[in-house]
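Listed here are the chains, written in short residue letters.
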Amino acid sequence: MFSLWSWVPALPGLAWGWALLDALLQGLVGACAVSVLCSLLRVYLYIQCLNDPERQAEKAAIGAQRRVLELLHVAVLAGLLALVGSRVAALVVLEFSLRAVSTALSLGKGAHSSQLYLLCQYSLGCGVSCGLSFLLEGAPHGTCNLALAAGLAGLLATYAQRLARHVCTLYELHSRARYCGVCILLLTAGHGIPRLLRNALTVAFAVGDLAAVVLVNRDFLSVAEAVRFWTPLTICYTLLVIYMQEEPRQSAGGRAAYQTALVRMGGLLILLLTVGRWTDVLHIFISLLGELWCLLGAGVLLESCRRQVRRRHRPAAAVRGWRRPRAHGEGPSCVSA
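In this text the structure is predicted, and so the values were computed from the model without any measurement. (Residues numbered from 1 in each chain as written. Predicted model: local features only at pLDDT ≥ 70, side-chain atom pairs only at ≥ 80, totals over all residues. Heavy atoms only, no water.)

1. A closer look at the overall build of the protein
Part 1: When helices and strands are counted, the protein shows 13 helices and 0 strands.
Part 2: For the protein, the succession of helices and strands along the chain, N to C, is α-α-α-α-α-α-α-α-α-α-α-α-α.
Part 3: Here the contacts in the protein between residues at least 6 apart in sequence split such that 78% fall between residues at least 24 apart.
Part 4: Carbon and sulfur atoms form 68% of the exposed surface of the protein, whose accessible area is close to 18100 Å². (Helix = DSSP H or I, 4+ residues; strand = E, 2+ residues; numbered from the N terminus. Contact = heavy atoms within 4.5 Å. Areas by Shrake-Rupley, 256 points an atom, 1.4 Å probe, with all protein chains shown as cover.)

2. Things to note about helix α11 (residues 255-275)
Part 1: With 21 residues, α11 extends 31 Å between its outermost C-alpha atoms, agreeing within 8% with the 30 Å of an ideal straight helix rising 1.5 Å per residue.
Part 2: Of the residues making up α11, those classed as buried are Ala256, Ala257, Thr260, Ala261, Arg264, Met265, Gly267, Leu268, Leu269, Leu271 and Leu272. (Expected span 1.5 Å × (residues − 1). Buried < 20%, exposed > 50% of the residue type's maximum accessible area, 1.4 Å probe, protein only.)

3. Topic: helix α12 (residues 278-297)
Part 1: With 20 residues, α12 ought to run about 28 Å at 1.5 Å a step, and its terminal C-alpha atoms sit 30 Å apart, in line with that.
Part 2: Burial in α12 covers these residues: Asp280, Val281, His283, Ile284, Ile286, Ser287, Leu288, Gly290, Glu291, Cys294 and Leu295.

4. Remarks on the packing of helix α3 (residues 67-83) against α12
Part 1: Packing of α3 against α12 brings their axes to within 9 Å, and their N-to-C directions diverge by 160°. On the basis of their axis angle, the class for α3 and α12 is roughly antiparallel. Read as a crossing pair, α3 and α12 show a hand that is left-handed. Here Leu72, His73, Val76, Leu77, Leu80 and Leu83 of α3 come into contact with α12, specifically with His283, Ile286, Leu289, Gly290, Trp293, Cys294 and Gly297.
Part 2: Residues that form the contact of α3 with α12 fall into these classes: 9 nonpolar, 4 polar and no charged. (Axes fitted to C-alpha atoms, helices over the stretch in contact; angles between N-to-C directions. Parallel < 35°, antiparallel > 145°, perpendicular 65-115°, else oblique. Left-handed = near helix turned anticlockwise from the far one by under 90°. Nonpolar A, V, L, I, M, F, W, Y, C, P; charged D, E, K, R; others polar.)

5. Some remarks on the pattern of salt bridges
Part 1: Within this structure, the stated rule accounts for 5 salt bridges.
Part 2: A salt bridge links Glu70 to Arg165; its shortest N-O distance comes to 3.3 Å. Taken as a pair, Glu70 in helix α3 and Arg165 in helix α7 (residues 142-177) lie far apart in primary sequence, 95 residues in all.
Part 3: The salt bridge partner of Arg264 is Glu95, with a shortest N-O separation of 2.7 Å. A residue pair is termed long-range when its members are at least 10 positions apart, and Arg264 in helix α11 and Glu95 in helix α4 (residues 86-107) qualify at 169 residues. Both residues of the pair, Arg264 and Glu95, count as buried. (Salt bridge = Lys/Arg side-chain N within 4 Å of Asp/Glu carboxyl O.)

6. Description of the nonpolar core
Part 1: Leu37 and Tyr122 are the most contacted members of the largest nonpolar core, which totals 87 residues.
Part 2: Not counting residues up to four positions away in its chain, the partners in contact with Leu37 are Tyr117, Cys120, Gln121, Leu124, Leu197 and Leu201. (Core = buried A, V, L, I, M, F, W, Y, C linked by side-chain atoms within 4.5 Å.)

7. A closer look at the environment of Asn217
Part 1: Along the chain, Asn217 turns up in helix α9 (residues 193-217).
Part 2: The class for Asn217 is partly exposed, based on a relative accessible area of 32%.
Part 3: Between the alpha carbons of Asn217 and Arg87 there is a distance of 9.5 Å; along the sequence they are 130 residues apart.

8. Concerning empty space enclosed by the protein
Part 1: Overall, the coordinates contain 2 cavities of 30 Å³ or more when judged by the stated rule.
Part 2: What the second largest cavity holds in volume is close to 50 Å³.
Part 3: For the lining of the second largest cavity, the secondary-structure elements that each account for two or more residues are α11 and α12.
Part 4: At 4 residues, α11 tops the list of elements feeding residues into the lining of the second largest cavity. (1 Å grid on protein atoms, 1.4 Å probe; cavity = no way out; pocket = protein on both sides within 12 Å on 5 of 7 lines; lining within 4 Å. Points joined across faces, edges and corners; volume = space filled by probe spheres on them.)

9. A word on the packing of aromatic side chains
Part 1: Under the definition given, this model contains 1 aromatic pair.
Part 2: A cation over an aromatic ring shows up here: Arg162 above the ring of Tyr159, its NZ or CZ 5.5 Å from the ring centre. (Phe/Tyr/Trp six-rings, centres within 6.5 Å; stacked < 30°, edge-to-face > 60°. Lys NZ or Arg CZ within 6 Å of the ring centre and 35° of its normal.)

10. What to know about the UniProt feature "transmembrane region" (unreviewed entry) in the protein
Part 1: When the UniProt feature table is mapped to this numbering, "transmembrane region" (unreviewed entry) covers residues 68-94, 143-164, 200-221, 227-244, 256-275 and 281-302.
Part 2: A distance of 29 Å separates the end C-alpha atoms of residues 256-275, which is 100% helix and 0% strand. (UniProt positions renumbered as here; feature names shortened; annotations may be inferred.)

11. Re the confidence of the model for the protein
Part 1: Taken over all residues, the pLDDT of the protein has a mean of 77, while the share at 70 or more is 80%.
Part 2: Looking at the elements of the protein, mean pLDDT is at its lowest for helix α13 (residues 299-318), recorded as 66, and at its highest for helix α6 (residues 121-135), recorded as 90.
Part 3: Low pLDDT, under 50, characterises residues 1-15; the stretch is placed with 5 contacts to residues that sit more than four places away or in other chains.
Part 4: This stretch, residues 248-253, has a pLDDT under 50; its non-local contacts, to residues over four places away or in other chains, come to 12 contacts. (pLDDT = per-residue confidence, 0-100.)

Right, here's the structure in full:
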C-alpha cells in the first residue's frame, strides 16, 4: 500500500510542519483526556450535592456550565500541551506521580481523592502526551495513528460532556421518574465513578512514567551524565514531597492549590536552571500556565470538594452531644463518636 507522504517532496520546513502537527495532535489527545476526567467528576459531585440539602448552592454552581467555555478550555489546553517539550512534560509526570503515591499512602481512601483527581489534570495531559510520543516514536504512520487517536479521544470527550450536561439538567427529574436508562444506571452505580477514575488514572500514569523515564534518559550519552541529572532531580522531588506533606490537609482547594502549582514549577525551574537547557526554562513557564489554566477551569469543583471535606470533619464534633431517642423505660443515654 502506497503512502501518501511518499509523493510529498522532502523539504526541511515541511518536516518541521509534520512534527508540529504531531505535537498538536498529542496535545489534543491529552486535553480530551482531561476533559473526560472533569466531566465525570462533575457528574459525581453533582449527584453528591443532590443527596445533601445543604449543598443546593454548590449544585447550582456545578450545573451552570457553558459549552463554549468547555471548548475553549480544551483548545487552550491542547495548545499548551503541544508547546511543552517532552523533557519537561516527562519531569512533570514523574513529579506528580511521586506526590500522588505519597499522598495516597498517607491519607488512604478518603475525601481527598476527588481533590487529587482535579489537581492531576495538567499532569495527566503531559502523561498522555509522553505515552503517545514514546509508543509512536519511529512509527511509519505515526501522524495517521495520532489523527485516529485524536478523533477517538474527541468523540469520548464529547460524549462525556453530553453526559455531564444531561445529568445537570435532567437527572433530578429522571431519577425520580425512573424512565431514563442513563440516570437509572447512575442512580445505582454512580458511587463507583471515583473507583473507575482511580483505575484509569493508575494505568495512564503507569504508562506515562515509563515513557517519561525513557524520554529523559534518551538525551544522555553515558551513565555519568544520567547520574549527574537524576541525583539533583531526586533531591528536588524529595523536598517537594516533604513540603506537600507538611501543608494543612484542609487547604487542598482554593488559593492553596495555586500556591502548590507555583511551588512545584518553581522547584523544577531551579533544577533545570542548573542541569537543563534554556528551552526547558521556557517550557517550565508554559507548564505553569497550563497548571493555572486547569485549576481555573476546575475552580467550582475544587471548592465543592473542599466544602465536602469540611462537612465530613464537622459531624465528628457534632455527634458527641447527639442523643438517640429513648425507648420506654430506658434511662438517658448519649452516643459518642
